[in-house]
Structure formats: C-alpha cells, structure tokens
Amino acid sequence: MPSIGDTPPADANPGRGADELNDLRERLARAELVNQIANVIHATLDSDEALQLILREAVRVTRASSGSIALIHPTTGLLEIQAAHGLPEDAHSLRLPVSQGITGWVARKGQPARVPDVRADARYIIASPGVRSELAVPLTVGEEIRGVINVDSGRLDAFSAADQELLEALAVQAAKVLHTTWLYEQIRFRARLLESLVTVSHAVNSTLNVDDALQAVTRQACQLMGGRMASLLLVDDRREWLDLRASHGAGPDYLSKPRLNLQESLVGMVVRRR
C-alpha cells in the first residue's frame, strides 16, 4: 500500500485520456452538425436544395474530394444523380444500373461500402481517374431503398468508421427529405386531381354535346398526368374497332391513323382484359 510521499504509478498510456476526450469532442461536433442540417432542411420544401446541402456538408466533414446523391428512378430502375459536388458538370446525365459499380452494389444490397483502395475492388467503375477510395451508404425510406449517398477521395484509405457513421446519419436526413417531398407531391397531386374532376364535372353538366364533354376529359387527363398527348377511344357497336372520339395534344399524323382493331391492338388489350 503506497504511503504519503510515494510516487504514484505512471499511466501505462498517458495519451489515452486525451484521445478519448478528442473522440468525444469530435462525436459531439458531428452530432451538432447533423442537428443543424436537420433544422435547415426541414425549413424548406425544395428537396434539391436540401439534398445539395446534405451532400456539401458530407464532402466537407469527411474531407472528400467529391460526392453525389443518386436516386433510383421508379420507372427505369436506374440510379440517377440528383445532387453532385466536385464532379464534372455532365455528372447529372450519368445513368447507372443497380448491378454495376460500388454505388450500384450498395443500392442492390442495402449495405454500406467503405473501400480503402478502389483499384483493388472489382466492383469499382472508373468515373474519375484520380479517385483512390470511396464511401457509400444506402438511402432507405421505410423498407425501400431509394438511392445512395457517396463520397470519393484521391487519398488511399481516406474514410474511417466515424466517417461512415456520419454519412449514415446524413443519409437518414436525406431519406426524410425524400419522404417529405413524396408526401408533399401526393397532396399536390390530389389537389390537382380534385380540381380536374371539378372542371370535367362542370363541362359535362354545362353542355349537351357529348364531344365537348369528352374533349374536356382528355384535356384534363393530359394536364393532370403531365403527358404530351391524351386520347379517348370508344368501342364501336360491333365490338371490333376502337374509334378516336376526342384528343388533346395530338398531331396530324396521330389524328389520321386508321382505326385500331380491338383484338389485335395493344390498347384493345385493355378492353379485352377489362
């Protein structure tokens, strides 16, 4: 038992306490950053602006050289860049199948990927010759993978476990942006739908001319769906042909097309299968 005046035993690792304190400070700073970003993005309904802010901060804090947020297109299933930082101006035109690249792997598997040397990873597709390491995490809304947030660096093994943790936290915020945007679009679509129904109802009730009423239906359908052209075809009395009765946005070539056979045409399949 040591007595007064004895020299206390030296810490086996005197720098350990300082390292733990620095780690706590860094975690606190990152948590504050995520909270600040959350406050900013929830103050705007502009999803593009919010995603760009998230990506810019992700690149800055992880000391990356570039980054992107790619979303899965609901129709094509391709990954399309929605926000980019430090990439060429034509980066937004990039389309990537979920079966290709590290980003595609993350989107397909729903798991993060931290690659210390992309040249040693068979999944990597060269997008920029200067990239040496990459970090990518999935964007998940509910149970559905909606995209990937990705950062790159010209340094080998540039990203740490702490960087991955931060990027995953930012991905949560990006997912909230996507979900909020989806809800807003649903509300706006329903409002447009109600407005269109009121317009069509007024047109139908204010005219005795069937063609005028059908014309109003096609016009509102085209505008509501954001289409270039809409047409309304009716089955003839013998149930052999589909005849064009109204259209909106149709050109001369379409208007002069022959009648569609109910049994042989693609549109006729809708009638046949109800």
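To be clear, the structure that these remarks concern was listed above.
Analysis parameters
Residues numbered from 1 in each chain as written. Predicted model: local features only at pLDDT ≥ 70, side-chain atom pairs only at ≥ 80, totals over all residues. Heavy atoms only, no water. Pairing = 2+ DSSP bridges. Helix = DSSP H or I, 4+ residues; strand = E, 2+ residues; numbered from the N terminus. Contact = heavy atoms within 4.5 Å. Axes fitted to C-alpha atoms, helices over the stretch in contact; angles between N-to-C directions. Phe/Tyr/Trp six-rings, centres within 6.5 Å; stacked < 30°, edge-to-face > 60°. Lys NZ or Arg CZ within 6 Å of the ring centre and 35° of its normal. Buried < 20%, exposed > 50% of the residue type's maximum accessible area, 1.4 Å probe, protein only.

Taken in spatial order, the three strands of this open sheet run 7-8-9, and their pairing is antiparallel. Lying at the two open borders of the sheet, with one neighbouring strand each, are strand 7 (230–235) and strand 9 (260–261). Of the pairings in the sheet, the one linking strand 7 to strand 8 (residues 241–248) comprises six bridges and is antiparallel in character. Counterpart to leucine 234 in the pairing with strand 8 is aspartate 243. The strands touched by helix 5 (residues 210–225) are strand 7 and strand 8; relative to strand 8, the strand with the most contacts, the crossing angle is about 70°.

Let's shift gears to the packing of aromatic side chains. Applying the stated rule across the entire model yields zero aromatic pairs. Seen from the ring of tryptophan 105, arginine 123 lies directly overhead, with NZ or CZ sitting 4.6 Å from the centre.

Moving on: the pairing of strand 6 (residues 144–153). Summarising burial for strand 6: seven of the 10 residues are buried, a large majority. Sheet topology places strand 1 (residues 66–72) next to strand 6; six bridges connect them, and they run antiparallel. From the neighbouring strand, alanine 70 faces strand 6, where its bridge partner is valine 148. The pairing of strand 5 (residues 133–141) with strand 6 spans nine bridges and is classified as antiparallel.

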